[in-house]
Amino acid sequence: MTLPPFAREAPWDARALGAPCWELTELTPEAEDWLRGARGFVTLKLPSDSPKGRAEALGFRYCDTLLRPACAVGRFRPHDDPRCSVTDEYSLDDLLAMIPGSFTHDRFHKDPLVPAGAADLRYSLWLRDLHREGRLRALTWEGREPAGFWGYSGGTAVLHALAPAFRGRGLGRGFWTAGCRMMFDQGRDEIDSSVSASNLAVINLYSSLGFALRGAVDVYHLRG
């Protein structure tokens, strides 16, 4: 199947949801025509300053707003904590056990039409993919205890979380510093990520490390 330039398959979502999945990056008349023949689960991402109402009129439901924090190496304000480190030696099962309850701010957990189990499965599969591709690291406490994970692709931190025992203790800046330092040490001039606008704790965490917000997109779902 030849896809138009504004649409792409989302096989990572399809594995978790058990249906064909697509992503749209614009809502033009051509995209609307394409939607009439599309079957499956469609994600639409539009700049947050786009005109409102058209997506909802087509049956899309708003799920989240994603912000894009970014930081150049010269603006990085590390908060080093010698107890917090990053390693490529870990048990994948230990990291997979951290998935439940880690992503309550994400669009799949917010969408009432997506079962919670399917949402967690999506992140488990993503974590396995990052591990297989060598793009996953464990966050460790005092050099030995698994405390979280840090997945990345190029200069983007794509998937990260702390285990329940390490949340709410003011340790995020130390762990995020370790993850960012690892990426900068690989020669990158800039790191970016994405975070839900409702996740104020992580937004403030990125800000404390010198990250600035560089855009926002509204995310919609449609089950066709």
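Bear in mind the structure is a predicted one, so any value in this text is a computation, not a measurement.

Student: Whenever I open this one, the pairing of strand S7 (residues 145-153) confuses me. Can you help?
Tutor: The two faces of the sheet receive side chains in turn, since in a regular strand these alternate between them. Sheet topology places strand S6 (residues 136-141) next to S7; 6 bridges connect them, and they run antiparallel. Within the sheet, the bridge partner assigned to Thr140 lies in S7 and is Pro146. Where S6 hands over to S7, the hairpin turn is made up of 3 residues, of which Glu142 adopts a positive phi near 55°. In this sheet, strand S8 (residues 156-162) lies alongside S7 in antiparallel orientation, the contact comprising 6 bridges.

Student: What am I meant to see in helix H7 (residues 172-185) here?
Tutor: For H7, spanning 14 residues, the distance from its first C-alpha to its last is 20 Å, which sits close to the expected 20 Å at 1.5 Å a residue. Counting buried residues along H7, 11 of its 14 residues qualify, which places the element largely inside the surrounding structure. Taken residue by residue, H7 has Gly172, Gly174, Phe175, Trp176, Thr177, Ala178, Gly179, Cys180, Met182, Met183 and Phe184 as its buried positions. Phi turns positive one or two residues past the end of H7, at Gly187, with a value near 100°.

Student: What am I meant to see in unusual backbone geometry here?
Tutor: Trans is the common state for peptide bonds, and a negative phi is the common state for residues other than glycine. Backbone geometry places Glu142, a non-glycine residue, at a positive phi of 55°. Among the residues examined, Glu142 registers a relative accessible area of 38% and is labelled partly exposed.

Student: Explain the packing of H7 against helix H8 (residues 200-208) here, please?
Tutor: Axes are the key here: two packed helices are described by the angle between their axes and the distance separating the axes. Where H7 meets H8, the axes come as close as 10 Å, and the angle between the chain directions of the two elements is 60°. Taken together, the axis directions place H7 and H8 in an arrangement best described as oblique. The chirality of how H7 crosses H8 is right-handed. Residues Gly172, Arg173 and Trp176 of H7 lie in contact with H8, whose contacting residues are Leu205, Tyr206 and Ser208.

Student: Help me understand the packing of aromatic side chains, please; the structure alone is not making it clear to me.
Tutor: The geometry of two aromatic rings is summed up by the distance between their centres and the angle between their planes. Applying the stated criterion across every chain, the model contains 12 aromatic pairs. Geometrically, the ring pair formed by Phe166 and Phe175 is edge-to-face, given 6.1 Å between the ring centres and 85° between the ring planes. Judged by relative accessible area, which is 3%, Phe166 ranks as buried. Ring pairing ties together the aromatic residues Phe103, Tyr123, Trp126 and Phe149, which thus form one cluster. In this arrangement the basic side chain of Arg122 is found over the ring face of Tyr123, its NZ or CZ atom lying 5.3 Å from the centre. Looking at Arg169, its charged tip hangs above the ring of Trp141, at a distance of 5.6 Å from the centre.

Student: I tried to follow the environment of Phe41 on my own but got confused; where do I start?
Tutor: Along the chain, the position of Phe41 falls in strand S3 (residues 41-47). In this structure, the C-alpha to C-alpha distance between Phe41 and Leu209, residues 168 residues apart in sequence, is 36 Å.

Student: How should the nonpolar core be read in this particular structure?
Tutor: In a soluble, globular protein the nonpolar side chains are often hidden away together inside. Judged by nonpolar contacts, the single largest core of 42 residues is most densely connected at Leu127, Phe149, Trp150, Phe166, Phe175 and Trp176. Every element with two or more residues in this core is listed here: strand S4 (61-72), helix H4 (92-96), helix H6 (116-132), S6, S7, S8, H7 and H8. In terms of residue count, H7 provides more of this core than any other element does, 6 residues in total. With near-sequence residues (within four places) excluded, Trp176 lies in contact with Trp150, His160, Ala161, Leu162, Leu205, Tyr206 and Leu209. With 16 residues, the next largest nonpolar core counts Phe6, Leu24, Ala38 and Leu222 among its residues.

Student: Even after reading the chapter, I still don't get the pattern of salt bridges, so can you show me in this structure?
Tutor: Close approach of charged atoms allows side chains with opposite charge to pair. Taken as a whole and assessed by the stated rule, the structure comprises 15 salt bridges. In this structure, the salt-bridge partner of Arg83 is Asp81, at a minimum N-O distance of 2.8 Å. Beyond isolated ion pairs, a larger network of salt bridges with shared partners links Arg15, Asp129 and Arg132.

Student: Looking at this structure, how should I read H6?
Tutor: Across its 17 residues, H6 extends 25 Å between first and last C-alpha, which sits within 8% of the 24 Å expected from 1.5 Å per residue. Within H6, burial applies to Ala118, Ala119, Asp120, Arg122, Tyr123, Ser124, Leu125, Leu127, Asp129 and Leu130. Elements that come into contact with the buried residues of H6 comprise helix H1 (11-17), H4, helix H5 (107-110), S6, S7 and S8. Count one or two residues on from H6 and you reach Gly134, which has phi positive near 75°.

Student: In this structure, what is going on with the environment of Pro82? I would like to understand it.
Tutor: You can see Pro82 is positioned in the loop between S4 and strand S5 (84-87). Separated by 92 residues in sequence, Pro82 and Gly174 have C-alpha atoms that sit 8.1 Å apart.

Rules behind the numbers
Residues numbered from 1 in each chain as written. Predicted model: local features only at pLDDT ≥ 70, side-chain atom pairs only at ≥ 80, totals over all residues. Heavy atoms only, no water. Pairing = 2+ DSSP bridges. Helix = DSSP H or I, 4+ residues; strand = E, 2+ residues; numbered from the N terminus. Expected span 1.5 Å × (residues − 1). Buried < 20%, exposed > 50% of the residue type's maximum accessible area, 1.4 Å probe, protein only. Axes fitted to C-alpha atoms, helices over the stretch in contact; angles between N-to-C directions. Parallel < 35°, antiparallel > 145°, perpendicular 65-115°, else oblique. Left-handed = near helix turned anticlockwise from the far one by under 90°. Contact = heavy atoms within 4.5 Å. Phe/Tyr/Trp six-rings, centres within 6.5 Å; stacked < 30°, edge-to-face > 60°. Lys NZ or Arg CZ within 6 Å of the ring centre and 35° of its normal. Core = buried A, V, L, I, M, F, W, Y, C linked by side-chain atoms within 4.5 Å. Salt bridge = Lys/Arg side-chain N within 4 Å of Asp/Glu carboxyl O.

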